[in-house]
Amino acid sequence: MSFVPPGTGWPEDPATADTPVALDPADVRRLAAGAVTLAELTAGQSVCRACPRLVAWREEVAVAKRRAFAEETYWGRPVPGWGAEHPRILLVGLAPAAHGGNRTGRIFTGDRSGDWLFASLHRTGLAAQETSTRAGDGQRLLGTRVLASVRCAPPANKPEPSEKAACFPWMAREVAMVARDVRVIVALGGYAWQAVWPALKDAGYALPRSRPPFGHGAETEIRYGDEPVTLIGCYHPSQQNTFTGRVTAQMLDEIFTRARSLAV
């Protein structure tokens, strides 16, 4: 099997065998707009088949596997948003990793980037455990939610513009659903920084007329209704960044400590 069928017992699977499946971008727009709850939205995200190239890639990876995970079953489906239903802090990434989220079914789980991210979230009081290895491992985000702008693992970690556009309604609807509670948004990397602005606009945030440049620790105040919200840039904890020292544990801890202080 090239993916885990929905409703067959995978831990934390939000979908069932009856969850409607988006087969093209028009379906994504319709199903995202019609989702009434986060549970309904994430279920729809997790079974989407709107982008043929991404569907083929994620399922090919789930069959071929990496040697280290040869005996494991891969999720092989889109990776939905995950975490608190009423988050004060929202984390935004670009896309799941082929042998990380595409394997485990949880965003930022089961790869080196996630190791760094969850360890920092735990140290700063935003995650229940310092590791996130698989769905159902007991990990919980505390007052925090994480999502990706593209829900499927893309070849070479580079989704095409048409794929970003097709997936956008899932992201925009999720951002809108949690907006009333969110006080801090952390963009993990420059791609996430660029991707989140249209979603914020679509969700009804008041934004500055010109988009500020991305940088580690960059802060911009936006507003949702009468409430101020802080958008913070954070270098992505990719292996390239952590191996070279561009990102350190202290740098991540400082970002999330700052986010937690602003989210009170």
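Residues numbered from 1 in each chain as written. Predicted model: local features only at pLDDT ≥ 70, side-chain atom pairs only at ≥ 80, totals over all residues. Heavy atoms only, no water.

From N to C terminus, the protein chain includes nine helices and six strands. Relative to the compact-globule value of 18 Å for 264 residues, the protein chain shows a C-alpha radius of gyration of 17 Å, a close match. Within the span of the protein chain, comprising 264 residues, buried residues form 52% of the whole. Partitioning the contacts of the protein chain with sequence separation of at least 6, the portion at a separation of at least 24 is 69%. Of the roughly 11900 Å² of accessible surface on the protein chain, 52% is carried by carbon and sulfur atoms. Between the averaged position of the 30 positive side-chain charges in the protein chain and that of its 26 negative side-chain charges there is a distance of 3 Å. (Helix = DSSP H or I, 4+ residues; strand = E, 2+ residues; numbered from the N terminus. Rg over C-alpha atoms; globule rule 2.2 N^0.38 Å. Buried < 20%, exposed > 50% of the residue type's maximum accessible area, 1.4 Å probe, protein only. Contact = heavy atoms within 4.5 Å. Areas by Shrake-Rupley, 256 points an atom, 1.4 Å probe, with all protein chains shown as cover. Lys, Arg positive; Asp, Glu negative; His and termini not counted. Charge placed at Lys NZ, Arg CZ, Asp CG, Glu CD.)

A word on the environment of arginine 246. With respect to the helices and strands, the residue arginine 246 is situated in the loop between α8 (239–244) and α9 (249–263). On the basis of relative accessible area, arginine 246 is assigned to the partly exposed category, the value being 43%. Taking the C-alpha atoms as reference points, arginine 246 and histidine 216, separated by 30 residues in sequence, lie 9.9 Å from one another. The residues touching arginine 246, leaving out its near neighbours within four places in the chain, are Tyr235, Asn241 and Met251.

This part covers the packing of helix α2 (residues 38–45) against helix α6 (residues 161–178). Between α2 and α6, whose axes approach to 11 Å, the crossing angle comes to 165 degrees. Here α2 is positioned roughly antiparallel relative to α6, judged by the angle of their axes. The element α2 and its partner α6 pack so that their crossing is left-handed. Across from Leu38, Leu41, Gly44 and Gln45 in α2, the residues of α6 making contact are Trp170, Arg173, Glu174, Met177 and Val178. Of the residues assigned to the contact of α2 with α6, the class counts are five nonpolar, two polar and two charged. (Axes fitted to C-alpha atoms, helices over the stretch in contact; angles between N-to-C directions. Parallel < 35°, antiparallel > 145°, perpendicular 65-115°, else oblique. Left-handed = near helix turned anticlockwise from the far one by under 90°. Nonpolar A, V, L, I, M, F, W, Y, C, P; charged D, E, K, R; others polar.)

In the structure shown here, the tally under the stated rule is six aromatic pairs. Each ring, one from tryptophan 10 and one from tryptophan 75, has its centre 5.7 Å from the other, and the planes form 55 degrees; the classification is tilted. Residue tryptophan 10 is found in the segment before α1 (25–34), and its partner tryptophan 75 is found in the loop between α3 (52–64) and β1 (82–83); the two are separated by 65 residues along the sequence. A relative accessible area of 19% means that tryptophan 10 is categorised as buried. Look at tryptophan 75 and you get buried, because its relative accessible area is 1%. Centroid distance tryptophan 193 to tryptophan 197: 6.1 Å. Interplanar angle 65 degrees. Geometry classified as edge-to-face. One end of the pair is tryptophan 193 and the other is tryptophan 197, both in helix α7 (residues 190–202) and four residues apart, which spans about a single turn. Here the two residues tryptophan 193 and tryptophan 197 agree in accessibility, since each one is buried. A network of ring pairs unites the aromatic residues Trp193, Trp197, Phe214 and Tyr235 as a single cluster. Above the face of the phenylalanine 69 ring, arginine 103 is positioned so that its terminal group lies 3.6 Å from the ring centre. (Phe/Tyr/Trp six-rings, centres within 6.5 Å; stacked < 30°, edge-to-face > 60°. Lys NZ or Arg CZ within 6 Å of the ring centre and 35° of its normal.)

This brings us to the pattern of salt bridges. Overall, the coordinates contain 15 salt bridges when judged by the stated rule. One salt-bridge network, in which partners are shared between bridges, spans Glu12, Arg106 and Asp137. (Salt bridge = Lys/Arg side-chain N within 4 Å of Asp/Glu carboxyl O.)

On to the packing of helix α5 (residues 112–123) against α9, then. Two elements in contact, α5 and α9, have axes whose closest approach is 9 Å; the angle formed by their N-to-C orientations is 50 degrees. Relative to α9, the element α5 lies oblique. Note that α5 runs across α9; the crossing there is right-handed. For the pair formed by α5 and α9, the contact residues are Trp116, Leu117, Ser120, Leu121 and Arg123 on the first element and Ala249, Leu252, Asp253 and Phe256 on the second. Here the residues of the contact of α5 with α9 are counted per class, giving six nonpolar, one polar and two charged.

Note that all results are geometric; they support no functional claim without further evidence.
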